[in-house]
Amino acid sequence: MKVHRLHFSIDIKAEKSEIWNALWDESSYRAWASVFFDGSYAITDHWKEGSTVKFLAPDQSGIYSIIEKHIPNTIMKFKHIGKVEHGKEQPLDDETKKWSGTTEMYTLTEGKDHCTLTVDIDVLEEHLDFMTKTFPMALEKIKNNCS
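What you are looking at is a predicted structure, and each value in this text was computed from that prediction instead of being measured.

What counts and what doesn't
- Residues numbered from 1 in each chain as written.
- Predicted model: local features only at pLDDT ≥ 70, side-chain atom pairs only at ≥ 80, totals over all residues.
- Heavy atoms only, no water.
- Buried < 20%, exposed > 50% of the residue type's maximum accessible area, 1.4 Å probe, protein only.
- Helix = DSSP H or I, 4+ residues; strand = E, 2+ residues; numbered from the N terminus.
- Pairing = 2+ DSSP bridges.
- Axes fitted to C-alpha atoms, helices over the stretch in contact; angles between N-to-C directions.
- Parallel < 35°, antiparallel > 145°, perpendicular 65-115°, else oblique.
- Contact = heavy atoms within 4.5 Å.
- Nonpolar A, V, L, I, M, F, W, Y, C, P; charged D, E, K, R; others polar.
- Salt bridge = Lys/Arg side-chain N within 4 Å of Asp/Glu carboxyl O.
- Core = buried A, V, L, I, M, F, W, Y, C linked by side-chain atoms within 4.5 Å.

Caption draft 1: Expanded view of the pairing of strand β1 (residues 3-12). Burial along β1 is one-sided: His4, Leu6, Phe8, Ile10 and Ile12 are buried, and none of Val3, Arg5, His7, Ser9 and Asp11, which face the opposite way, are. Across 10 bridges, β1 lies against strand β8 (residues 115-124) in antiparallel orientation. In the strand pairing of β8, Asp11 is matched with Thr116.

Next comes the structure, spelled out in structure tokens:
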């Protein structure tokens, strides 16, 4: 199964800190993540670099990842490790090994009158169409949460 790197970006007229809060504050994270799956949420240790984060659906299924890099208001990079079922991290199976180690990175850069939010994400072929259609909607929600 092939992994593809997708690249998305959006210009937002807001301060970097405001955009960062729209991304990672719990309630605003839930708002934009719901585009992918209604009721999605994250369990984190304050998004600390090196810590584990669980990205979950309401039934406590999802994935767990390591926060590889966190520079506030600038970069958040996740390395996806494995599946979560009933809130518990699962051992890697053959299916999970196809995508374990893939990354997802959010970067903010300042322009003259706006900031650009860029997302680079590794996606399995089977999720390519869904992510290509859905990620721009998530970015619009983040932008709208900044105005």
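Caption draft 2: Focus on the packing of helix α1 (residues 16-24) against helix α2 (residues 26-33). One way to put it is that α1 packs onto α2 with a least axis distance of 5 Å and a crossing angle of 70°. Considered as vectors, α1 and α2 are oriented roughly perpendicular to each other. Along its contact with α1, which presents Asn21, Ala22, Leu23 and Trp24, the element α2 presents Glu26, Ser28, Tyr29 and Trp32. In terms of residue class, the contact of α1 with α2 is built from 5 nonpolar, 2 polar and 1 charged.

Caption draft 3: Region of interest: the pattern of salt bridges. One pass over the full model with this rule turns up 7 salt bridges. Residue Arg30 pairs with Glu26 through a salt bridge whose shortest N-O separation is 3.4 Å. With Arg30 and Glu26 both in helix α2, this residue pair falls 4 residues apart, about one helical turn. Between Lys83 and Asp93 there is a salt bridge whose closest N-O contact spans 3.5 Å. Here Lys83, found in strand β5 (residues 75-85), pairs with Asp93, found in the loop between β6 (88-89) and α3 (94-97); they are 10 residues apart in sequence, far enough to count as distant.

Caption draft 4: Region of interest: the nonpolar core. Among the nonpolar cores identified, the biggest contains 34 residues, and Trp24, Trp47, Phe78, Tyr106 and Leu117 are the most heavily contacted of them. Only β1, α1, α2, β3 (52-56), β5, β7 (103-110), β8 and α4 (128-144) provide two or more residues apiece to this core. Of all hydrophobic cores here, the second largest spans 5 residues; its members include Tyr41, Leu56, Ile81 and Val84.

Caption draft 5: Representation of the side chain of His4. Examined against the element boundaries, His4 turns out to sit in strand β1. Setting aside residues up to four positions removed in sequence, His4 forms contacts with Ile121, Asp122, Val123, Glu125 and Leu128.

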